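Residue-level listing of the chains:
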Amino acid sequence: MRKDVSAVFLTVQLMLVTSCGSGEDSIRDPVAPQPVPPPSTPTYDYPRVNDGEDMPNVLFIMADDHAISAISAYGNSVVPTPNIDRIAAEGVTFSNAFVTNSLCSPSRAVMLTGKMSHINGVRGNADVFDGSQQTLPKILQQNGYETAIFGKWHLKSEPTGFDYWEVLPGQGRYYKPNFLTPEGRVTEDGYVTDVITDKTLAYLSEKRDKDKPFFLMYQHKAPHRQWWPAMEELSSLTDKVFEEPDTLFYDQSGRGTAAMSAEMTIAQHMALSMDNKVWPRNLPADYSEFLSYAEQEFRDNYVLLTDEQKDRWNAVYQPINDDFMVNPRTERELTQWKFQRYMQDYTAVIKSVDRNVGRVLDYLDESGLAQNTIVVYTSDQGFYLGEFGWFDKRFMYEPSFRTPLLMRWPEKITNPHSIKSFVQNVDFAPMILSALGINVPEDMQGVNAMRVVEQEPDDWVNEAYYHYYDYPAIHMVKKHYGIRTERYKLIHFYDDIDEWELYDLERDPKEINNVFEEPRYSEVLKNIKDTLYRKKEQFEKYEVY
Ligand code: SGN
Ligand code: CA
């Protein structure tokens, strides 16, 4: 059940923008939005409806690129995550949470604003977030909250709306991380996931104003590429053999041009050096790592290790390098080897996130804060762990469209359960505001997903809308928008192509058989196109940025 944006606000917008949402069938569909000046920001009063009560705290945990398939609370995980699972075991697990634009900066901007990418101004990773706009932390500050963020930010401009902030510049680095702070840049010894947690715990135990409720964003860079594990987890990665997804060698032939032309295969686009930790000097002579930059990235990471860390690192990776050197491999075997290496490092990095989440949950327990603290665990999007031969994200296909979402709130959620109603990350801000009893501003486009936490309503509309813009860019995933319903998914790839894909998720959950042209789906197609255009109209009929 999504509400329409304020009619008054829309009228103003429509006077400003006339070309909107038209030309669905043209090759450059939709018409590239022309920037128009933002309207004067409407002002709102945000009355607290639960004045006088103890306001709950909010701990918002986000890990970069954390796939559902790497969280054991979701079942069939490639790695156990006992601490993250604690949130699920004592709270709710959203089994149908989706992003609106499967990429880092856009996803973060959507969560902060409760607005779609073209409205908050961050369509792709190159866009700079306009920190003068209304955001969730600002609204919370106005309602008596102290706000803080530690970890990955990745929105280019300085954080606004936070009483405390220490964020990684850009993607950040794994070892000896830098942080941007209001006082300038600081460099810390240690491993990034541990350091972010140390800062979070220092805030919780010492720095915060204990007379105020807190809204704390605790955001991990890991498990983003290039998957450098912490020393503690290095030993865990050597022997495990991971099951290959049955689509590891899928050729995309049941899909279309966009999937075929994307540059995110383990076989060709994952770098042996920076991603798989093969010493550049050990690379085969005929292997032109497209990638002089990849070799440089590898060195840039390695050089940050202390001598002692280098010894420990080499003790684990040298035998892997030796094995790589002595055993000749066919092309197929090399892909299988890279997949195993990828999964070893990725899961080791997840373990460090899980271990550190455990430290923070323990603190909440020990300090007595747990009872009235809402804990949310999510990611900025899903991730491919070898499905369709891929790593990375960006596509509207399930592994990157779906995102983990767990929520614990002992004070209010007393029956742990799983929720099947659809929610999207554009709903997170309205969900948190509603949970706290704070009015949701009219111009937020998400809906109050707390409704499905309390009890899944029969009239909830399970439709998820998507729009990805970051093209041309690394991994070369073409622009597309689409709609997912409970059973079907319709995607339109546009810009330099004009291709549609329709999937019947019941018959084809892996989305490898595009039925867009199949006559027996003509009725389904007609209906889902109507749904798509309705959603597109609802979300996109005006442009702000
Ligand atoms: C880097 C990565 C990409 C990744 C983007 C965006 N390459 O460019 O693989 O898609 O970040 O990721 S790397 O060689 O620098 O590792 S995002 O999560 O920030 O959107
Ligand atoms: Ca990400």
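Everything in this summary refers to the structure shown in the same document. For every chain, the first residue of the written sequence is number 1, and numbering continues from 1 along that sequence. Each chain is given a letter, starting from A, and each ligand a number, starting from 1, according to the order in which they appear as written. Per-residue local features are limited, in this predicted model, to residues with pLDDT of at least 70; the limit for side-chain atom pairs, both in listing and counting, is 80 or more; totals at the level of whole chains, interfaces and linings are taken over all residues. As a rule here, side-chain values come from all non-hydrogen atoms in the structure, and water together with hydrogens is ignored.

1. Side note on the packing of aromatic side chains
Between two aromatic rings, the relevant description is the distance of the centres plus the angle of the planes.
Here is step 1 of the chain: Only Phe, Tyr and Trp rings are paired, with Trp represented by its six-membered ring, and only when their centres lie within 6.5 Å; those with planes under 30 degrees apart are stacked, over 60 edge-to-face, the remainder tilted. Overall, the coordinates contain 37 aromatic pairs when judged by the stated rule.
Here is step 2 of the chain: Between Tyr-481 and Tyr-494 the ring centres are 5.6 Å apart and the planes differ by 55 degrees, which places this aromatic pair in the tilted class. Placement of the pair is Tyr-481 in strand 14 (residues 480–484) and Tyr-494 in the loop between strand 15 (488–493) and strand 16 (499–504), with a sequence separation of 13 residues. Across the pair, exposure class does not vary: Tyr-481 and Tyr-494 are buried alike.
Here is step 3 of the chain: Taken together, the ring pairs connect Tyr-250, Tyr-384, Phe-388, Trp-390, Phe-395, Tyr-397, Phe-493 and Tyr-503 into an aromatic cluster. The helix and strand labels rest on DSSP assignments: H or I over at least four residues marks a helix, E over at least two residues marks a strand, and numbering proceeds from the N terminus. Burial classification: accessible surface area is computed with a 1.4 Å probe over protein chains only, and a residue below 20% of its type maximum counts as buried, one above 50% as exposed, and the rest as partly exposed.

2. A word on the sheet that holds strand 13 (residues 464–468)
Here is step 1 of the chain: Criterion used throughout: strands pair if DSSP finds at least two bridges between them. Read from one edge to the other, the open sheet built from four strands follows the order 13-14-15-16, with strand pairing classed as antiparallel. Taken across any chain shown, the strands that pair with only one partner, and hence form the sheet edges, are strand 13 and strand 16. Going from strand to strand, the sheet's axes swing by 10 degrees on average, the running direction of each strand aside.
Here is step 2 of the chain: Two strands pair when backbone bridges link them, and strand 15 and strand 16 are joined in this way by six bridges, in the antiparallel orientation. Pairing of Tyr-488 across the sheet is with Asp-504, part of strand 16. Lines fitted to C-alpha atoms define the axes here, with helix axes fitted over just the stretch in contact, and angles between the N-to-C directions of these axes take values from 0 to 180 degrees.

3. Focus on the site of ligand 1
Here is step 1 of the chain: In the vicinity of ligand 1 there are 19 residues, among which Gln-171, Asp-392, Lys-393, Arg-394 and His-475 approach most closely.
Here is step 2 of the chain: Here an oxygen atom of ligand 1 sits 2.7 Å away from a polar atom, N or O, in the side chain of Arg-394.
Here is step 3 of the chain: All accessible areas in this document rest on Shrake-Rupley with a 1.4 Å probe, and a residue is counted as covered only by the protein chains that are shown. Protein contact buries 89% of the 460 Å² of open area that ligand 1 shows by itself.
Here is step 4 of the chain: Any residue that is not Ala, Val, Leu, Ile, Met, Phe, Trp, Tyr, Cys, Pro, Asp, Glu, Lys or Arg is counted as polar, Gly included; the first ten are nonpolar and the last four charged. Considering only residue class, the shell around ligand 1 consists of five nonpolar, seven polar and seven charged. Throughout, near means a residue has at least one heavy atom within 4 Å of the molecule or strand. Nitrogen and oxygen atoms within 3.5 Å of one another constitute a polar contact, given that in protein one can donate a hydrogen and the other can accept it, and given that sequence-neighbouring residues count only through two side-chain atoms.

4. Structural notes on the pattern of salt bridges
Here is step 1 of the chain: Each reported salt bridge corresponds to a side-chain nitrogen of Lys or Arg within 4 Å of a carboxyl oxygen of Asp or Glu. Enumeration according to the criterion identifies 39 salt bridges in this entry.
Here is step 2 of the chain: Between Arg-329 and Asp-323 there is a salt bridge, and its shortest N-O distance comes to 3.1 Å.
Here is step 3 of the chain: We classify Arg-329 as partly exposed; its relative accessible area is 26%.
Here is step 4 of the chain: The network of salt bridges with shared partners includes Asp-65, Asp-392, Lys-393, Arg-394 and Asp-470.

5. Details of the nonpolar core
Here is step 1 of the chain: Among the nonpolar cores identified, the biggest contains 77 residues, and Trp-313, Tyr-342, Tyr-346, Val-357 and Tyr-377 are the most heavily contacted of them.
Here is step 2 of the chain: With 14 residues, helix 11 (residues 331–367) is the largest single contributor of residues to this core.
Here is step 3 of the chain: An automatic or database domain assignment supplies the start and end points of every domain. A domain-level breakdown of this core finds at least three residues from each of domain 1 (7–227 + 347–456) and domain 2 (257–342).
Here is step 4 of the chain: We call two residues in contact when some of their heavy atoms are within 4.5 Å. Setting aside residues no more than four positions away along its own chain, Tyr-342 makes contact with Trp-227, Ile-266, Met-270, Asn-276, Phe-383, Tyr-384, Leu-385, Gly-386 and Phe-391. By convention a nonpolar core is built from buried Ala, Val, Leu, Ile, Met, Phe, Trp, Tyr and Cys residues, the set being connected through side-chain atoms within 4.5 Å.

6. A look at the coordination of the calcium ion (ligand 2)
Here is step 1 of the chain: Bound to the calcium ion (ligand 2) are the protein donor atoms Asp-64 (OD), Asp-65 (OD), Asp-380 (OD), Asp-380 (OD) and Gln-381 (OE1), situated 2.2 to 2.9 Å from the metal.
Here is step 2 of the chain: For Na, K and Ca the donor cutoff is 3.2 Å, while for all other metals N, O and S atoms count as donors only within 2.8 Å; water does not appear among the atoms, so some sites may look incomplete. The rule is simple: four donors are tetrahedral if all their angles sit between 85 and 135 degrees, four are square planar and six octahedral if opposite donors span more than 155 degrees and the others lie between 65 and 115, and anything that fits none of that is irregular. Because the angles between the six donor atoms bound to the calcium ion (ligand 2) fall within 49 to 171 degrees, the donor set is best described as irregular.
Here is step 3 of the chain: Taken in chain order, the donor set of the calcium ion (ligand 2) reads D-D-x314-D-Q. Residue Asp-65 is found in the loop between strand 1 (57–63) and helix 2 (82–89), and its partner Gln-381 is found in the loop between strand 9 (373–379) and helix 12 (398–401); the two are separated by 316 residues along the sequence. As far as burial versus exposure is concerned, Asp-65 and Gln-381 are alike and both buried.

7. Some thoughts on the pairing of strand 4 (residues 146–151)
Here is step 1 of the chain: Of all six residues in strand 4, six are buried; the element is thus mostly enclosed.
Here is step 2 of the chain: For strand 4 and strand 8 (residues 214–220), the ladder comprises six bridges, and the chain directions are parallel. Bridge pairing in strand 8 places Phe-150 opposite Tyr-218.
Here is step 3 of the chain: When strand 4 meets strand 5 (residues 164–167), the two strands line up parallel, connected through four bridges. Each bridged residue has a counterpart across the sheet, and for Ala-148 the counterpart in strand 5 is Tyr-164.

8. As for the packing of helix 10 (residues 307–326) against helix 11
Here is step 1 of the chain: At a minimum axis separation of 13 Å, helix 10 and helix 11 run at an interaxial angle of 175 degrees. Judged by the angle between their axes, helix 10 and helix 11 are roughly antiparallel. Residues Tyr-317, Ile-320, Asp-323 and Phe-324 of helix 10 pack against Leu-334, Trp-337, Arg-341 and Asp-345 of helix 11.
Here is step 2 of the chain: The residue makeup of the contact of helix 10 with helix 11, split by class, is five nonpolar, no polar and three charged. Oblique is the label for any angle not covered by the other classes, which are roughly parallel (under 35 degrees), roughly antiparallel (over 145) and roughly perpendicular (65 to 115).

9. With respect to the packing of helix 2 against helix 11
Each pair of packed helices can be described by the angle between their axes along with the distance between the axes.
Here is step 1 of the chain: Contact geometry of helix 2 with helix 11 gives a least axis separation of 7 Å together with a crossing angle of 50 degrees. Classified by the angle their axes make, helix 2 and helix 11 are oblique. Counting all contacts with helix 2, which are made through Pro-82, Asn-83, Ile-84, Arg-86 and Ile-87, the residues of helix 11 involved are Asp-354, Arg-355, Val-357, Gly-358, Leu-361, Asp-362 and Asp-365.
Here is step 2 of the chain: Grouping the amino acids of the contact of helix 2 with helix 11 by side-chain chemistry returns five nonpolar, two polar and five charged.

10. A short note on helix 15 (residues 522–540)
Here is step 1 of the chain: For helix 15, which comprises 19 residues, the first-to-last C-alpha distance of 26 Å matches the rise-based estimate of 27 Å (1.5 Å per residue) to within 8%.
Here is step 2 of the chain: Among the residues of helix 15, those classed as buried are Val-524, Leu-525, Ile-528, Lys-529, Thr-531, Leu-532, Lys-535, Lys-536, Gln-538, Phe-539 and Glu-540.
Here is step 3 of the chain: Considering only its buried residues, helix 15 is in contact with helix 4 (117–120), strand 13, strand 14, strand 15 and strand 16. Helices are assigned an expected span. That span is 1.5 Å times one less than the residue count.

11. What about unusual backbone geometry?
Here is step 1 of the chain: Geometrically, the link from Ala-222 to Pro-223 is a cis peptide bond, its omega value of 5 degrees lying close to zero.
Here is step 2 of the chain: With an omega of -5 degrees, the peptide bond between Tyr-471 and Pro-472 qualifies as cis.
Here is step 3 of the chain: Located in the positive-phi region is Asn-76, a residue other than glycine, with phi close to 50 degrees.
Here is step 4 of the chain: Within the element layout of this structure, Asn-76 appears in the loop between strand 1 and helix 2.
Here is step 5 of the chain: Phi at Lys-156 is positive, roughly 70 degrees, even though this residue is not glycine.
Here is step 6 of the chain: Note on placement: Lys-156 falls in the loop between strand 4 and strand 5.

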